[in-house]
Amino acid sequence: MTATRPPAADTSVGRALRVVDVVAEMGDGATPKAIARRLGFTLPTTYRLLTMLVEEGYLVRLREPRGYGLGYRMGALARRLADQVAAPWSVQAVLHDMHEAAGAASYYAVIRGGDVVVAHLDACPDHPGDGAPRVGEPAPAHALAAGKVLLAWLDRRRLADVLATPLPAFTPGTVTDRAMLDRELRRCRELGSAVEVEELRPDRAGMASPVRGPGGAVVGAVALSVSRVELMARWSELERVVRDGAARAGAGLSRPVAVG
């Protein structure tokens, strides 16, 4: 689910994960005393956890600035996660074409476990995609155009697994009423596309369409991230780009891969 779950604090693993989280928040130079104070741990417990995490490569001990920082094993894990959720090359090519055609950042989202995750973002300095979540991180599906598309084709049981309860608000425009969201999802199924207007971030908007796999099931969603003004002024144009992109992405997934 998109709601963040804090690590369990009553186990050694849970305490170690909380230490990693705090060091990540504090940045390089996090001291044992500061970590212990933040978590309410004793100093001996904090030193023991820090020693274990350094030995395993999750943290490093620094001389300048003096203290602790994230270890390089964390970077390796992040790269492996990015590889595991990466969009197929055929979809990435479609996203690049969408970006150029619309003059807007484009992205591809999928459902992974109980989360909606952005698998690829095609952006540039002129179109940075600051309205889209970061690649490889869970996204609030109810506040994101691509998330609504993915939710719209789930059965009731799967929908309950993916939706956070209660629905959190990110802006005054976020849909937090379940009945209202259900109506939006029905409309998405009818129209074949979904929009967000200042629901995740102020002055940001998006439009998305479903990508269907070889069997016809919805396996992902392609989307464009634009400003609210752009969405309203270029609605028909952007809708054409996302619909065409979704169709092309689905065709690419259905196409056999040449071997040899």
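The following paragraphs examine the structure supplied in this document. These numbers were taken from a predicted model, which means no experiment stands behind them. (Residues numbered from 1 in each chain as written. Predicted model: local features only at pLDDT ≥ 70, side-chain atom pairs only at ≥ 80, totals over all residues. Heavy atoms only, no water.)

## Some words on the overall build of the chain
- What the chain contains, in helices and strands, is 10 helices and eight strands.
- Across the 260 residues that make up the chain, the buried fraction comes to 44%.
- Computing the positive centroid from 33 side-chain charges and the negative centroid from 29, the chain places the two 6 Å apart. (Helix = DSSP H or I, 4+ residues; strand = E, 2+ residues; numbered from the N terminus. Buried < 20%, exposed > 50% of the residue type's maximum accessible area, 1.4 Å probe, protein only. Lys, Arg positive; Asp, Glu negative; His and termini not counted. Charge placed at Lys NZ, Arg CZ, Asp CG, Glu CD.)

## What to know about the pattern of salt bridges
- Inspection of every chain in the model, using the stated rule, returns 11 salt bridges.
- One salt bridge in this structure joins Arg73 and Glu56, with 3.6 Å as the shortest N-O distance. Here the residue Arg73 occupies a position in helix α4 (residues 72–85), and Glu56 occupies one in the loop between α3 (43–55) and β1 (59–62), the gap between them amounting to 17 residues.
- A relative accessible area of 37% places Arg73 in the partly exposed class.
- By relative accessible area, which is 43% here, Glu56 ends up partly exposed. (Salt bridge = Lys/Arg side-chain N within 4 Å of Asp/Glu carboxyl O.)

## What to know about the packing of helix α1 (residues 12–26) against α3
- Axis separation between α1 and α3 bottoms out at 10 Å; the angle between their running directions is 80°. Of the possible angle classes, the one that applies to α1 and α3 is roughly perpendicular. Counting all contacts with α1, which are made through Ser12, Arg15, Ala16, Val19 and Val20, the residues of α3 involved are Arg48, Leu49, Leu50, Met52 and Leu53.
- Its residues assigned to classes, the contact of α1 with α3 shows seven nonpolar, one polar and two charged. (Axes fitted to C-alpha atoms, helices over the stretch in contact; angles between N-to-C directions. Parallel < 35°, antiparallel > 145°, perpendicular 65-115°, else oblique. Contact = heavy atoms within 4.5 Å. Nonpolar A, V, L, I, M, F, W, Y, C, P; charged D, E, K, R; others polar.)

## Considering the side chain of Ser209
- Mapped onto the elements, Ser209 comes out in strand β7 (residues 204–212).
- The buried category is assigned to Ser209, whose relative accessible area is 2%.
- A polar side-chain atom of Ser209 sits 3.3 Å from the main-chain carbonyl oxygen of Gly192.
- Here Ser209 is in contact with Val149, Gly192, Ser193, Gly220, Ala221, Val222, Val242, Arg243 and Ala246, once residues within four sequence places are set aside. (Polar contact = N/O pair within 3.5 Å; in protein donor to acceptor, adjacent residues only side chain to side chain.)

## Remarks on the environment of Ala109
- With respect to the helices and strands, the residue Ala109 is situated in strand β3 (residues 105–112).
- Expressed as a C-alpha distance, the spacing of Ala109 and Val222, which sit 113 residues apart in the sequence, is 6.6 Å.

## As for the layout of surface pockets
- Estimated volume of the second largest pocket: approximately 180 Å³.
- Lys148, Glu184, Leu185, Arg187, Cys188, Leu191, Ser193, Ala194, Val195, Met207, Trp235 and Glu239 are the residues that line the second largest pocket.
- Contributions of two or more residues to the lining of the second largest pocket are made by α8 (178–191), β6 (194–197) and α10 (235–254).
- Looking at which element gives the most residues to the lining of the second largest pocket, the answer is α8, with five residues.
- Taken together, the residues of the lining of the second largest pocket break down into seven nonpolar, one polar and four charged. (1 Å grid on protein atoms, 1.4 Å probe; cavity = no way out; pocket = protein on both sides within 12 Å on 5 of 7 lines; lining within 4 Å. Points joined across faces, edges and corners; volume = space filled by probe spheres on them.)

## Digging into the sheet that holds β7
- Pairing is antiparallel in the open sheet, where six strands are placed in the order β5-β4-β3-β8-β7-β6. Two strands close off the open sheet at either side, each with one partner strand: β5 (138–139) and β6.
- Along the sheet, α10 contacts β3, β6, β7 and β8 (218–227); its crossing angle with β7, the most-contacted strand, is approximately 30°. (Pairing = 2+ DSSP bridges.)

## Structural notes on the packing of helix α6 (residues 145–152) against α8
- The contact between α6 and α8 brings their axes to 9 Å, and the two run at 80°. Between α6 and α8, the angle falls in the class roughly perpendicular. Note on element contacts: α8 touches α6 through Glu184, Leu185, Cys188 and Arg189, opposite Lys148, Val149, Leu151 and Ala152.

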